Amino acid sequence: MRKLTYKVIEETDTSQHIYFLEFITDRTSKWTESQYLRHRNNTIMELVSDEETEVFVQQLKNNFEKIGQEFEGRSLGMSIREE
């Protein structure tokens, strides 16, 4: 699994919104970008970091088990950090 961190810029005619996204996934950065951008016009993604996450993923799995949920699937989600 990888943790992909992106800087995302959404532009309109009158404004610009910049934020950061983190994806925990076993997919490539190219696939992640294509999926995120497929319904977002005027949006640019810049890959900021790409790192291994085995320890982090195991911690998430353990936390999910503690609350009675099963881990299934390839992506654990994302978080948004405003700039």
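As the structure is a prediction and not an experimental result, all values here were calculated from the model.

Caption draft 1: Focus on the pattern of salt bridges. Going through the model one piece at a time under the given rule, you end up with three salt bridges. Measuring nitrogen to oxygen at the nearest pair gives 4.0 Å for the salt bridge that ties Lys3 to Glu22. Placement of the pair is Lys3 in strand β1 (residues 2-11) and Glu22 in strand β2 (residues 16-25), with a sequence separation of 19 residues. Taken together, the shared-partner salt bridges in this structure form one network comprising Arg2, Asp50 and Glu52.

Caption draft 2: Representation of the nonpolar core in the model. By size, the foremost hydrophobic cluster in this structure holds eight residues: Leu4, Tyr6, Val8, Tyr19, Leu21, Phe23, Tyr36 and Met45. Counting residues per element, the ones that place at least two in this core are β1 and β2. Once you skip the residues sitting within four places of it in the chain, Tyr6 turns out to touch Tyr19, Phe20, Leu21, Phe23, Ser29, Thr32, Glu33, Met45, Glu46, Leu47 and Val48.

Caption draft 3: Main features of the environment of Leu37. Relative to the elements of secondary structure, Leu37 occurs in helix α1 (residues 29-37). A relative accessible area of 26% places Leu37 in the partly exposed class. Not counting residues within four places of it along the chain, the set of residues in contact with Leu37 comprises Thr43 and Met45.

Caption draft 4: Representation of unusual backbone geometry. With a phi close to 60 degrees, Asn42 is a non-glycine residue in the positive phi region. Summarising the element assignment, Asn42 is placed in the loop between α1 and β3 (43-52). Owing to a relative accessible area of 56%, Asn42 belongs among the exposed residues under this scheme.

Caption draft 5: Representation of the packing of aromatic side chains within the structure. This model, assessed by the stated rule, comprises two aromatic pairs. When the ring of Tyr6 is compared with that of Phe23, the centres are 5.9 Å apart and the planes differ by 80 degrees; the resulting orientation is edge-to-face. Taken together, the positions of Tyr6 in strand β1 and Phe23 in strand β2 put the pair 17 residues apart, joining distant regions of the chain. Under the relative-accessibility criterion, Tyr6 is labelled buried at 0%. Assessed through its relative accessible area of 10%, Phe23 is described here as buried. When the ring of Phe23 is compared with that of Tyr36, the centres are 5.9 Å apart and the planes differ by 70 degrees; the resulting orientation is edge-to-face. With Phe23 in strand β2 and Tyr36 in helix α1, this residue pair connects regions lying 13 residues apart in the sequence. Both residues of the pair, Phe23 and Tyr36, belong to the buried class. Within the aromatic cluster, the residues linked to one another by ring pairs are Tyr6, Phe23 and Tyr36. Sitting over the face of the ring of Trp31, Arg27 holds its NZ or CZ atom 4.3 Å from the ring centroid.

Rules of the game
Residues numbered from 1 in each chain as written. Predicted model: local features only at pLDDT ≥ 70, side-chain atom pairs only at ≥ 80, totals over all residues. Heavy atoms only, no water. Salt bridge = Lys/Arg side-chain N within 4 Å of Asp/Glu carboxyl O. Helix = DSSP H or I, 4+ residues; strand = E, 2+ residues; numbered from the N terminus. Core = buried A, V, L, I, M, F, W, Y, C linked by side-chain atoms within 4.5 Å. Buried < 20%, exposed > 50% of the residue type's maximum accessible area, 1.4 Å probe, protein only. Contact = heavy atoms within 4.5 Å. Phe/Tyr/Trp six-rings, centres within 6.5 Å; stacked < 30°, edge-to-face > 60°. Lys NZ or Arg CZ within 6 Å of the ring centre and 35° of its normal.

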